[in-house]
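Observations on the model geometry
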Amino acid sequence: MAAAAITKKLSDLKKLFTQMQNIYYTKTTNQTLATLASFDMELPVVEGGVTFKSGEAQLTKTKLTTGEIWDVSSKSGDDDISYQISSFAPEILAAFTNADATATDMVSTVNGITYSGYGINTSPKKVGGALFMTSEDLSAAIYIPNAQIFSNLVNENDKPAYINSKVSALADTTGKNIYVLFKKAGV
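Fair warning: this is a prediction, and the values are worked out from it, not measured in the lab.

**Comments concerning the layout of surface pockets**
One simple way to see leftover space: roll a probe sized like a water molecule over the atoms. In this structure, the largest pocket occupies an estimated 270 Å³ of space. With eight residues, the top contributor of residues to the lining of the largest pocket is strand β3 (residues 45-53). Taken together, the residues of the lining of the largest pocket sort by class into eight nonpolar, six polar and three charged. Forming the walls of the second largest pocket are eleven residues, and the residues nearest its centre are Ala 141, Leu 181, Phe 182, Lys 183 and Lys 184. Sorting the residues of the lining of the second largest pocket by element identifies β11 (125-135), β12 (140-154) and β14 (179-182) as the ones contributing at least two each. Across the lining of the second largest pocket, the residue classes tally to seven nonpolar, two polar and two charged.

Rendered as C-alpha cells:
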C-alpha cells in the first residue's frame, strides 16, 4: 500500500481569526469592498461582549427500517451575532436607539448640577447598515455588507450601561452575506 500524500501542511493552513478587536459601522448597505470608502463610526465594544456564530448546520437523516442511513439533508441554522456598545454618546444613541439626540427634552437642576438630555423609547430599534470587524492582531477581518441590527439599552449590575445589538447577516446583491478577509502579505 502506497503512502498517502498530504497536499496542504499545517503551516499552510494557519489562518486564524483571533478575538474581535474593532467593529466599524456604516449605514450604507451592499457596498463592495472596492467601493467601501469610509465608515460612519467605530463602535466602542465591551470586552468579551461579541458573539459571532453564523448558524450551525441542522441535519436531517433519513434511515431505512434496517437502521442504515439512506440520505442526509441539511439547512442553515439561525445565526447568533451580537455585540455590546459601551457608549451613550449622542451619535451612538441616535444611531442605535429610539432617541432624537438633537432635541433637548428635559433640563433639570438637582443638588446644584444642571442636567439636560432627551427621552429614549426603550423598544428595540431596527437599524440597517454594514459592519467591518477586525481580529485582535489585524491579520483578518469579517465584512457583513447587509446587516440588519436590532438594538436596545441594557443596564446590568457591575457593568457600565450598554447598547445590546443583535445582528442578522442578510445576503448582499451577489447573494453572499459574510466575507472573510485576510491581510495581504507585504502590504
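**Some details on the nonpolar core**
Counting residues in each nonpolar core, the largest one holds 23 residues, and the members touching the most others are Leu 43, Tyr 83, Phe 96, Leu 131, Ile 144 and Ile 149. Elements with a minimum of two residues in this core: β1 (20-26), β2 (41-43), β6 (80-85), α2 (90-96), β11, β12 and β13 (162-169). Filtering out sequence-adjacent residues up to four positions away, Phe 96 remains in contact with Tyr 25, Met 41, Leu 43, Tyr 83, Ile 85, Lys 125, Val 127, Ile 149, Ser 151, Ile 163 and Ser 165. Counting residues in each nonpolar core, the second largest holds five residues, with Ala 130, Phe 132, Ala 141 and Tyr 143 among its members.

**Digging into unusual backbone geometry**
With a phi close to 60 degrees, Asn 30 is a non-glycine residue in the positive phi region. As for its placement among the helices and strands, Asn 30 is situated in the loop between β1 and β2. A relative accessible area of 29% places Asn 30 in the partly exposed class. A positive phi angle, near 50 degrees, is found at Asn 111, a position not held by glycine. Along the chain, Asn 111 falls in the loop between β8 (106-110) and β9 (113-117). Take Asn 111: its relative accessible area is 78%, and that puts it in the exposed class.

**A word on the pairing of strand β5 (residues 69-76)**
A small share of β5 lies buried, amounting to zero of its eight residues. Pairing between strand β4 (residues 57-63) and β5: seven bridges, direction antiparallel. When the bridges of β5 are listed, Lys 61 appears paired with Val 72.

Rules behind the numbers
Residues numbered from 1 in each chain as written. Predicted model: local features only at pLDDT ≥ 70, side-chain atom pairs only at ≥ 80, totals over all residues. Heavy atoms only, no water. 1 Å grid on protein atoms, 1.4 Å probe; cavity = no way out; pocket = protein on both sides within 12 Å on 5 of 7 lines; lining within 4 Å. Points joined across faces, edges and corners; volume = space filled by probe spheres on them. Helix = DSSP H or I, 4+ residues; strand = E, 2+ residues; numbered from the N terminus. Nonpolar A, V, L, I, M, F, W, Y, C, P; charged D, E, K, R; others polar. Core = buried A, V, L, I, M, F, W, Y, C linked by side-chain atoms within 4.5 Å. Buried < 20%, exposed > 50% of the residue type's maximum accessible area, 1.4 Å probe, protein only. Contact = heavy atoms within 4.5 Å. Pairing = 2+ DSSP bridges.

What is shown is where atoms sit, not what they do.
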